[in-house]
Structure formats: C-alpha cells, structure tokens
Amino acid sequence: MQNILELKNITKRFPGVVANDKISLDIRAGEIHALVGENGSGKSTLMNILYGLYNADEGEIFLRGEKTKITEPRQAIDHGIGMVFQHFMLVEPLTVFENVILGSEPQKRGFIDFRGAEKEVARLSREYGLRVETGARVEDISVGQQQRLEILKALYRKADILILDEPTAVLTPQETEELFGVMRNLKEQGTTIIFITHKIREVLEISDRVSVLRRGKLVGTKNTSETDRPELAEMMVGREVLLRVEKEKAQPGEKVFSVSDLEVRDQRGTKRVKGVSLEIREGEILGIAGVEGNGQQEMVEAITGLLRADKGKITLEGKELQNLNAMQIKKKRIGYIPEDRHKRGLILDFNVADNMILGFHTEPPFVQRFFIRDERAIKENAGRLVEEYDVRPPNIQQQVSTFSGGNQQKIVAAREFSRKPKFLICSQPTRGLDIGAIEFIHKQVIDQRDKGAAILLVSAELDEILSLSDRIAVMYEGRIVGEMPVEEADEKKLGSLMLGGEARKDRGGDTVETGTE
Amino acid sequence: MWDYLVYFVNATVLAAALRMATPLILTSMGGIFAERSGVINIGLEGMMLVGAFTGMLTSYFTGQPWLGLIGALLAGALMGLVHAVASVTYKVNQVVSGTAINIFAGGVTVFLLRWIFDVAGTSPAVSRLPVVTIPLINRIPLIGPIFGTHNIMVYMALIIVVLVHIFLFRTVWGLRLRSVGEHPKAADTVGINVFLTRYLAVIVSGAMAGLGGAYLSIAHLSRFGDQMTAGRGFIALAAMIFGKWTPFGALGASLLFGFANAVQMRLQELGIPSQFVQMVPYILTMVALAGFIGRATPPKAIGKPYEKE
Ligand SMILES: Nc1ncnc2c1ncn2[C@@H]1O[C@H](COP(=O)(O)OP(=O)(O)OP(=O)(O)O)[C@@H](O)[C@H]1O
Ligand SMILES: [Mg+2]
C-alpha cells in the first residue's frame, strides 16, 4: 500500500513543554491507523497540526506525495482531511443539519438551500448508517449522536482522511461497536482513518497498524497483527503495566452512608431516579453498573447537592444531607470526582494551583484572617499534589485548559483525594485516562478505601466496576435492579441486568444475549 | 377608566410611539449584529451620537439630507471599526472599549459643534429627510392614522428589521455569524474566519447605530443638540436583550419603549411633575428586564476574545 500522508520531523513547543518532538509518521492509504500514548504525549497536538488548527514550529507534511502547507483548517478541509475532536466542536443552539453544513453551505446566491441541504445530510446519514435527527438542536441530542454528527460533518466535506480523536471515551460499549461498524464501512469505501484511543482492546480489534507516542516522541509503529497487549502497554508507559488491580479483601466497618427511597428529576423536570436505596460501609466500595443515562448522574448530583431530591433521605454518619447545598455538603468531607470535568470539576480559565483548592478555598490553611489568601500554602499544596499525582507538565501556574484531558482528570482526583474524604463519589473516574494513569487512580481509590473511606463508584466500564468494587448494584431506568457481592458478579450477568434483565424480553428488539437464567 | 385608556392608547399616541421607537429599532439591530458575533457593544450610544452629528454636518454643508444619512452610516461604521480593532485584534475588554467610545463621542461632538459653528448646545437647522404618506394604507381606518404618514426613516427601520431577520436566519453569512458568536473555535474548525466575521459584524453594528443617530438629527428633528441621544443607545441595548437577540423581538421591545415614551409625554400634559414622568420609560425598561423576559440566554462566546492556539 502507498503512503497517503507523511509527517516529517514535526516539532511543536508550548511554554515549558515540547508537545511534539521531531515526530515522523507515515499513514498508508485506506488503513486504520491507531495512535496511542499516555495523557499529554502529544496525540491531539499532532492531529491539530495536521488539521491546521495549530501550526508546527518545525517539520513538513507530505500529502499524496506532495509537500503541503496546512496553516488553516480551511486548507485541511480542501485537502480532504476531516477531524472529530476530543472535545466536540459543535454549535449547540444550532440544529444538527446546520452544524453539518456550517462553513460549506449549499447556497443559491447567499441564501442557504435548506431543502437541498437537509436531503443531502439525510442521504449521507443513511448511506453510512450514521443515525441522527437532522432537525433537532445539538444541545438536545445524546453524546453518541453528537459523535455521529461530527463524523457526518467530515464526510459531508468529502474527507478521505478521517481523524478520530478519542471517539470512544464518551461512548457506551454498544455505541463503540456501532462506531466500529461505521469505521469498517468507511474503510471499505477507501477512507483512511487515524484513530486515537487509550484502550488497547480497541486498538487490537479495529486497527491495521498502531503508532505509539511517549512524551512527545514517536516510540514506534507496529503492525497490529504482530503485537499484543503487554507490548503496547510497555511501549506507551515505558515500563511494565499491571493490567489488573491488586487489592486485599475489604474490611467493611460501620455504615457510613445511605440513601433511601430517593427520587430525583433532571433539569427538564423528567423523573430520572425512581426510588433508589443504597448503603455503603466504611472501607467499602459500592460499584454502580449501568448504561449511561439510566439515572446515575442525577443520583450523584442529588447526593452532592447539585440537584434537589424530590423525595427520600440521604444520610452521612446519621446526619441528613438532602436539603443542604453543594458547599455545605462539601464541608462534610465528601469527595467528588464528577464525570464531566469541564463542566463540574474544574474552572478551566484558572491555573492549577487555584483549581487544587476549589471547594476548600474558604478554609485554612488557604485563607488567613480577613479572608486573605495564603499564597504560600496554596502553592505548597499544589506543588505537592502535582508531584504526587504526576501531573504533566508540573507547572502549577499554567491555565488548566491547556492541559491534556488526562492530566486535567488527575488534577481533579488529586484535589478530591487530598482532603481525606469520609465518603467519596467517583463518577467515571478514569474516562479519557491512559493505562498508566488508570492504574494509578485505581490504586488511589483502593488506598482511600483501605484508609476507611466509603466509596460510591459509578462507571460505564464493566472492567472497572468488576475490578474495583466490593459490592455491585446495577441501575436501570432509575431503579436498582440487582445487587450482589463482587464474587458473584460477572460481565454476562451484569450486562443482562444493565439492559433491564428479564424486563427486556417482553420489549423485544435487543440483540444482546439473555442473562444467566 | 375607559376614558383614560383612550387618552393613552389612541392613534396619536401610537403614531408617536412608532416615531420614538425608530432610533431604538435601528440601533438595536446594530446591537444584534455585534453581540450575535460575540462582541459586546456598549458603545452603541456613542456611535449613535457620532452618527447624529455627522448626519447633521453633512446635511448642513451639502444641503442633501440623503448624503447626511450616508455620512452618518459611514461615521458609525468607522466607530465600529475602532471598536473592532480594540476588542477583536487587541483583545481589550469589550465593555471598556465601548465605554471609551461613549466618552470620546460625547466629548468630540460637543467640541466640534463649538469649533465649526461657534455655538453651544444646538446646531443650526439643516434640511431633513422627507415625511411620506403611504397611499393606500393611510386610508384604512385605525391603521391609517398610526402607520400612514411618517418620516421615511420610520419605514426604512421596519424594512431593515425584516432584512436583518432574513440575513441572520436564511443566509450563509447569518449562519456563520451566529456560529462565531456561540462557539468561535468550532467555527474556526470548519474554515470560518472568526476575526473577519467579527470585524464585519461590529462595523455593521456601528453603521446601524449611526443610522439610529441620524434619525434624531436629520429626520425626527432637523438639528443636532449636545448629548441628544440621551441614553437611547443603552435603551436599544436593553431592547436587544429584551428581544432575546432576535430582530423581531428587539422590534417589539423597541415599540414598547417607544410607547412608554409617548405615554410619558401625555402624562406631562396632565400636569404630573415631569421629573417623575420622565422616569417611566426607564422604570418600564427595568421591570421588563427583571421580570418579563425570564432567562434570556445570550450568545455563549459573548465578551470573550478569540485566541488561536
Ligand atoms: N494550547 C496549549 N497551550 C499550552 N500547552 C499545551 C496546549 N495544548 C497542549 N499543550 C500541552 O502539550 C502536551 C501534549 O498535549 P496533547 O493534548 O497533545 O496530549 P494528548 O496526547 O492528546 O493527551 P490526552 O490523551 O490526555 O488527550 C501536554 O503537555 C499539554 O499540556
Ligand atoms: Mg488528546
């Protein structure tokens, strides 16, 4: 096969880091090329350069054999390069099809040809099996649909080189399978795909070749068929990685936290949690398994005071929490790793040091008398956490928005763990993290458990639920539909419950196997 | 009761309301352009004032009010350009830049008025744009007395509202403008030039405010007076917000404020102290802003300069 794209000695420096260090990469026409590497290793940067959003400091790009300058996204689009960004680039109040055509609108003397546009989008959507509601506003559609919309955008612009930057991080396992179907379909039609992911399983399943970056450098490129899990893991992290969590059996103590008969509505007023009761003991991890959107997020937000509970009781060490606000709850030493770190966990325009004290910023040692900030304590705190959690780059004055996704997550985790919480809520704690960082966060969670924290873990990753939890509850349509000790759980059993267990049969239409009965 | 209602709501008052609303309508369209592209334009007031002055000046020297209108448009556009350079290229805080424009406009018009005409307060009279009567409409009962006879700029303003609506929601450039105001980076990734879009939007914004000002000096009246905009630029901004950044919404809000103004004049006739009465439009504005509109969501990227990389 021929190289459709060659990157030669691409170098990109940001203040304090070399994000890409003389990277040379060949992409063959029609292949699916996986690009992997730790958080902050420079994957997104390299792709942004290819797309013209960033300009490289050094290096050259050869497209179809010709040296090409790409300094603006417009040029990339004209050269048939399309990109789906790690953080979607969608205009939320606009409709799906307006987003698709934006910038390349079919027009008649300046007037948008709405009819033609809608037809064309519908055709593409059908042809590639990318189901979207063309008329809906983007803010109203699911994440999976937003992703399909992003792919449609690229196809609409006739991209034959498609960059997918961590598309599966936000997808459910079913949606990931669907995406892979679309990718195979595209490949058959001759599209070249560059696919970024942290999940080695996905690399092995879908890619033809795989390239690994580490700290801005290319470690190597392999044929997928000639490599395996441990080798890739080692290439990524530079050492052997435990792909399993090691933990002792839990020693649960007193009951710390409980929820009884909780009912919660979301912001639109739809009831999402319909009578949930839970109990967690000291030194125990309760995992909540479930397909996203079955009320997990609303439950967690009610516990943390971000949503109001309609009904029910939430207690921590016997004291009721359900009517307190988020600040009061935070003061009760509840740690919270939210699933959407951009909306909830961080203030992106603040620097690391200030983000490391959020929620504790009114307490000593960070404020002194007369509400004056103690800069020394703030710096000392951030410096210590950045080192302990290996945040890269370790620059506490840097604005959080310029950190890679994984490192942003480490900042949230570091802050929440640092205050020795009695009760800890981890919602998708390792979404978007590299395997090294996942291993690290998992160790920290277990460590918190062993120090006596009661932990509520919400995750869409069954692997994560199975390897961390001591007990597992499955949530489906706002209810707990099953609960069991981890020893009795397996993927099949959980998977069945997650889709509604037996209830599912009478509805029909699901393709997943029936449960254990 | 009925008598009172008729006293305040009748053809004369409503026609006056429309006249009072016209500068607000034009200027609020300017506000929509800038803010939909993500740039706050507090400077509308100053841009109006400069438009009013330039309109008068051009009309005075050429004797042509139509040239005055063009002069006002260009002067407003120039002020818009200044705001764009400051806030888009140099990323000055947009409220600061707009406020600076207001202060500058207040000073420079007073100064030029003295310097050119050697008068304080008001300019000499100039020729103004014609009042026209729309043939058929003026014979319709009820409608006729309200809409039938007005300065030509009143009708222009109404047509401009329709054009702005079509521009924003039917054309390619309108779609791009809106996307730039909501999520400039997303717009950038599909090849839209964020800086150019914002520049053009803010320049058009200034031009519209210039027209709004010209209405005061060469259509409604035929002279310029110091500070003659008297806060209308800010009221237009309120009308834009009240109208949720849509042309027809802003039109409705402008009409409401115009009506409040017309009622105020009636109240003065009744002998209610004028200082008190003059507050009415402003109180109405505040009540409207605080109570009625509910949550108005502005364009998301508003006030934030776009940084590449
Ligand atoms: N705009 C920016 N300003 C400053 N530094 C930046 C900027 N963008 C990226 N960086 C830095 O460049 C490095 C590479 O970041 P990049 O986002 O490419 O990583 P990544 O491999 O995509 O990581 P992840 O898997 O977490 O998404 C990081 O150290 C990051 O902090
Ligand atoms: Mg990335």
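Provided above is the structure to which this section pertains.
Residues numbered from 1 in each chain as written. Chains lettered and ligands numbered in written order. Predicted model: local features only at pLDDT ≥ 70, side-chain atom pairs only at ≥ 80, totals over all residues. Heavy atoms only, no water.

(A) Representation of the overall build of chain B within the structure. When its secondary structure is counted, chain B shows 14 helices and two strands. Taking 309 residues into account, the globule formula puts the C-alpha radius of gyration at 19 Å, and chain B, at 19 Å, falls close to it. Viewed in the frame of its principal axes, chain B has a C-alpha envelope of about 65 × 50 × 40 Å. Every one of the 309 residues in chain B was classed for burial, and the buried ones make up 52%. Long-range contacts, defined here as pairs at least 24 residues apart, represent 76% of the contacts in chain B between residues at least 6 apart. Put simply, chain B shows about 13,400 Å² of open surface, and 71% of that area lies on carbon and sulfur atoms. (Helix = DSSP H or I, 4+ residues; strand = E, 2+ residues; numbered from the N terminus. Rg over C-alpha atoms; globule rule 2.2 N^0.38 Å. Buried < 20%, exposed > 50% of the residue type's maximum accessible area, 1.4 Å probe, protein only. Contact = heavy atoms within 4.5 Å. Areas by Shrake-Rupley, 256 points an atom, 1.4 Å probe, with all protein chains shown as cover.)

(B) Main features of the sheet that holds strand S19 (residues 423-427) of chain A. Residues and elements named next belong to chain A. The strand order across the open sheet formed by six strands is S18-S19-S20-S15-S21-S22, and the pairing between neighbours is mixed. Two strands close off the open sheet at either side, each with one partner strand: strand S18 (334-337) and strand S22 (479-485). Within this sheet the neighbouring strands show an average axis-to-axis angle of 15°, counted without direction. Relative to S19, S18 is paired through four bridges, and the arrangement is parallel. (Pairing = 2+ DSSP bridges. Axes fitted to C-alpha atoms, helices over the stretch in contact; angles between N-to-C directions.)

(C) Structural context of the pattern of salt bridges. Residue and element names in this part refer to chain A. Applying the stated criterion to the full structure yields 46 salt bridges over all chains. Across the pair Lys249 and Glu487 runs a salt bridge, and its minimum N-O distance is 3.8 Å. Residue Lys249 is found in the loop between helix H8 (229-237) and strand S13 (255-265), and its partner Glu487 is found in the loop between S22 and helix H17 (491-498); the two are separated by 238 residues along the sequence. Of the two residues examined, Lys249 and Glu487, each falls in the exposed class. One connected set of salt bridges, linked through shared partners, spans Lys247, Arg449, Asp450 and Asp470. (Salt bridge = Lys/Arg side-chain N within 4 Å of Asp/Glu carboxyl O.)

(D) How the structure looks around the sheet that holds strand S12 (residues 217-223) of chain A. All names here are of chain A. Pairing in this open sheet of six strands is mixed, and the strands run S6-S9-S10-S3-S11-S12 from one edge to the other. Both outer strands of the open sheet, strand S6 (81-84) and S12, are each paired with one neighbouring strand and no more. Between one strand axis and the next, the sheet turns by 15° as a mean value, whatever way the strands run. By the bridge criterion, five bridges tie strand S3 (residues 32-37) to strand S11 (residues 209-214) in an arrangement that is parallel.

The analysis is restricted to geometry; functional conclusions fall outside its scope.
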